[in-house]
Amino acid sequence: MAAFRLHVISPLVLVAARKCARDPFVYVRKCAANALPKVHDLRLEENAKAIVEIIGIMLNDSSPGVVGAAAAAIASICPNNLPLIGRNYTRVCEILPDLEEWGQIILIGLLLGYIIAKQGLLKESIMACLCPQHEKIN
């Protein structure tokens, strides 16, 4: 249902995604996480807070597949939402080795962005050499 690009269906998909985020089956939760960027693409601002809340639930999931799909949703919807990443930082770092390859790549990028925003780039770091326009990001 999330593939239908109709504004009328978006609230229904959001309610279904919220319900599916707590489903006992892993594949249902993963599909719900994959549906969230499609709902967000409709540019309905009233859905933004609910989408971020659902992503937060899925990011704290025990299944690596759901966490990987939630990371992909964060990367496409709100990659700069540092409090969302920060709340689940240790949990996500623990589950990182169990994720599939693409989920690991996306999640490492999100964690790297979080650490850079939190700690800043030092002059001596390799990344600072790659982007010389910034001496320290903070």
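Quick note: structure is the one above.
Keep in mind that what you see is a predicted model, and the values were worked out from it rather than measured.

Looking only at helices and strands, the protein chain has eight helices and zero strands in total. In the protein chain, the order of α-helices and β-strands from amino to carboxyl end is α-α-α-α-α-α-α-α. With the model as given, the accessible surface of the protein chain reaches about 8,400 Å², and the carbon-plus-sulfur share is 62%.

With that settled, consider the nonpolar core. One finds L36, I55, M58 and L107 to be the most contacted residues of the largest nonpolar core, which totals 34 residues. Among all residues touching L107, those that are not within four sequence positions of it are V67, A71, V92, L96 and L99.

For S63, the position within the fold is in the loop between α3 (48-59) and α4 (64-77). On the basis of relative accessible area, S63 is assigned to the buried category, the value being 10%. Beyond its immediate chain neighbours, meaning those up to four positions away, S63 contacts V26, R29 and I95.

Before going further, it helps to examine α3. The terminal C-alpha atoms of α3 lie 16 Å apart, and with twelve residues this matches the ideal 16 Å at 1.5 Å per residue to within 8%. Those residues of α3 that fall on the buried side of the exposure criterion are A50, I51, I54, I55, G56, M58 and L59. Buried-residue contacts for α3 involve α1 (10-20), α2 (26-40), α4, α5 (82-87) and α6 (89-95).

Next up on the list: the packing of α1 against α2. Running from N to C, α1 and α2 cross one another at 150°; their axes reach a closest spacing of 9 Å. On the basis of their axis angle, the class for α1 and α2 is roughly antiparallel. Seen from above, α1 lies across α2 with left-handed handedness. Note on element contacts: α2 touches α1 through V28, R29, A32, L36 and V39, opposite S10, V13, L14, A17 and C20. A class-by-class count of the residues in the contact of α1 with α2 yields eight nonpolar, one polar and one charged.

This part covers the packing of α2 against α4. The interhelical angle for the contact between α2 and α4, taken along N-to-C directions, is 5°, at an axis separation of 8 Å. Classified by the angle between their axes, α2 and α4 sit roughly parallel to one another. Note on element contacts: α4 touches α2 through G65, V66, A69, A70, A73, S76 and I77, opposite V26, R29, K30, A33, N34, L36, P37 and H40. Grouping the constituent residues of the contact of α2 with α4 by class yields nine nonpolar, four polar and two charged.

Let's shift gears to α4. Counted at 1.5 Å a residue, the expected span for α4 with its 14 residues is 20 Å, and the 20 Å between its end C-alpha atoms agrees. Where α4 is buried, its residues touch α2, α3, α5, α6 and α7 (101-119).

Parameters at a glance
Residues numbered from 1 in each chain as written. Predicted model: local features only at pLDDT ≥ 70, side-chain atom pairs only at ≥ 80, totals over all residues. Heavy atoms only, no water. Helix = DSSP H or I, 4+ residues; strand = E, 2+ residues; numbered from the N terminus. Areas by Shrake-Rupley, 256 points an atom, 1.4 Å probe, with all protein chains shown as cover. Core = buried A, V, L, I, M, F, W, Y, C linked by side-chain atoms within 4.5 Å. Buried < 20%, exposed > 50% of the residue type's maximum accessible area, 1.4 Å probe, protein only. Contact = heavy atoms within 4.5 Å. Expected span 1.5 Å × (residues − 1). Axes fitted to C-alpha atoms, helices over the stretch in contact; angles between N-to-C directions. Parallel < 35°, antiparallel > 145°, perpendicular 65-115°, else oblique. Left-handed = near helix turned anticlockwise from the far one by under 90°. Nonpolar A, V, L, I, M, F, W, Y, C, P; charged D, E, K, R; others polar.

Any functional reading would require information beyond the geometric quantities listed.
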